[in-house]
Amino acid sequence: MAFFSIVHRDAISRARVGSVQLPHGQVTTPAFMPVGTHGTVKAVLKDALETIGFEIILANTYHLFLRPGPDVIQEAGGLHGFSRWQRNFLTDSGGFQVFSLAALRKLTDDGVTFHSHRDGSRHFFSPEMVVDVQVQFNSDIQMQLDVCLGWGAARDETERALDLTTRWANRACERWQAARAAGYAGSLFPIVQGGFFEDLRQRSAQAVAALDTPGIAIGGLSVGEPADAYAHFLQHTVQFLPEDKPKYVMGIGTPEYILEAIADGIDLFDCVLPTRNARNGSYFTHDGMLSIKQERFTRDFTPVDDGCTCPVCRTYSRAYLRHLFKEQEIASSVLASYHNLYFLHQLVLDARVAIASGSFIQFKDNFLARFHTGNIR
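So, here's what we can say about the structure. (Residues numbered from 1 in each chain as written. Predicted model: local features only at pLDDT ≥ 70, side-chain atom pairs only at ≥ 80, totals over all residues. Heavy atoms only, no water.)

Turning our attention to the pairing of strand S1 (residues 4-9). Note on strand geometry: in a regular strand, side chains alternate between the two faces of the sheet. Bridge analysis of S1 against strand S2 (residues 16-22) gives 5 bridges, and the strand direction is antiparallel. Bridging across to S2, arginine 9 finds its partner in arginine 16. From the end of S1 to the start of S2, which pair antiparallel, there are 6 residues. (Pairing = 2+ DSSP bridges. Helix = DSSP H or I, 4+ residues; strand = E, 2+ residues; numbered from the N terminus.)

Moving on to helix H10 (residues 255-263). The buried count for H10 comes to 8 of 9 residues, which makes it a mostly enclosed element. Looking only at H10, the buried set comprises Pro255, Tyr257, Ile258, Leu259, Glu260, Ala261, Ile262 and Ala263. Positive backbone phi, approximately 85°, marks glycine 265, located one or two places after H10. (Buried < 20%, exposed > 50% of the residue type's maximum accessible area, 1.4 Å probe, protein only.)

Now for the packing of aromatic side chains. All told, the structure shown has 13 aromatic pairs when counted by the stated rule. Judged by centre distance (5.3 Å) and plane angle (85°), the rings of phenylalanine 196 and phenylalanine 233 are edge-to-face. Remark: phenylalanine 233 occurs in helix H9 (residues 227-238) and phenylalanine 196 occurs in the loop between strand S12 (191-192) and helix H8 (198-210); sequence separation between them is 37 residues. Classification of phenylalanine 196 by relative accessible area gives buried; the value is 14%. Judged by its relative accessible area of 10%, phenylalanine 233 falls in the buried class. The interplanar angle of 5° and the centroid separation of 3.9 Å between the aromatic rings of tyrosine 230 and tyrosine 257 together place this pair among those described as stacked. (Phe/Tyr/Trp six-rings, centres within 6.5 Å; stacked < 30°, edge-to-face > 60°.)

What follows is about the packing of H8 against H9. Axis separation between H8 and H9 bottoms out at 9 Å; the angle between their running directions is 40°. When the axis of H8 is compared with that of H9, the two are oblique. H8 and H9 meet at a crossing whose hand is right-handed. Contact residues: H8 offers Glu198, Arg201, Gln202 and Ala205, while H9 offers His232, Phe233, His236 and Thr237. Split by residue class, the contact of H8 with H9 holds 2 nonpolar, 4 polar and 2 charged. (Axes fitted to C-alpha atoms, helices over the stretch in contact; angles between N-to-C directions. Parallel < 35°, antiparallel > 145°, perpendicular 65-115°, else oblique. Left-handed = near helix turned anticlockwise from the far one by under 90°. Contact = heavy atoms within 4.5 Å. Nonpolar A, V, L, I, M, F, W, Y, C, P; charged D, E, K, R; others polar.)

In the structure shown here, the tally under the stated rule is 0 disulfides. The thiol of cysteine 173 is unpaired, and the distance to the nearest cysteine sulfur, on cysteine 148, comes to 19 Å. Judged by its relative accessible area of 4%, cysteine 173 falls in the buried class. Of all cysteine sulfurs, the one in cysteine 308 lies closest to cysteine 310, which takes part in no disulfide; the gap is 3.6 Å. (Disulfide = S-S within 2.5 Å.)

A few words on the environment of serine 83. Looking at the element boundaries, serine 83 is found in helix H4 (residues 78-83). Given a relative accessible area of 21%, serine 83 falls into the partly exposed group. The sequence separation of serine 83 and valine 35 amounts to 48 residues, and the corresponding C-alpha distance is 14 Å. Those residues in contact with serine 83 that lie beyond four places of it in its chain are Gly39, Lys46 and Phe89.

This is the structure:
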């Protein structure tokens, strides 16, 4: 069976419905992946994720490397045995976390030396080591070590980072191929970088495509840039990538960015936003974001979103959810996280239906027109 197959294509945009065959089951795309940084999605049990319908979640190599450590996870049977999540795991390389520690790391051609944000202990990541760690995790999809820059980085800095990321991608690919020959079943996705320079994005995309890996990730977006820059550079990048490979944009979690990505032919995306927002009392609704902490909801006994069919909206009122949040009850984070993840999963399911029926662009425009009104009663 093919690693990736396309089932439906939109007639107007690049949007498509597909299927990725992974070691722990099929993933229907487009798909939003909840972030389980430490091997668990904050405030959400794995059974709830399965009930909602998620087929893949994301875990973080940097954090799991520091604690509990790859040896412990391998001894437990990989991430699946350790967490008992029996569907798929995508693990990022930890690059974003390492490079966010600007004052605590040193970059060379060999790799990056960094100090743990937990206890100051010194560690080293090379492209090969990061592959090895993710093999110990038994990741279904793993990412290469890359150099991450934010919005506003200068061209010379961006070009140096891109050249290093490209060399590291080649080294990671060689190590991954050796792991596959030894029996590892997971896939490597190299990462397109290049910042906000069209020619560098093209150079990176073409270099990554030439590696002929099962799938491709697009990094360096949603890093503080304006929305129009995100849309432009995503559209610019995908034209240089093969149509027959699944594409993953890292770190996007708003309806606007998700729907733009789907329109550009992106198949996978992830973000901490839905659960982080939930812990701060912010709910996704069809009419925009709802802040449950507002006093006007004290006696509002209607659901958060009367168009949502999740158990939270079917069972609890805004007044009760506000009460939980104000009292700092753990249940507040549990219920809000469930709703927000359910909402984004349903958004993607609806997008799949619209693609199959040839009406995706109309669906996208109608959804965002209502979402942007902010007319929450």
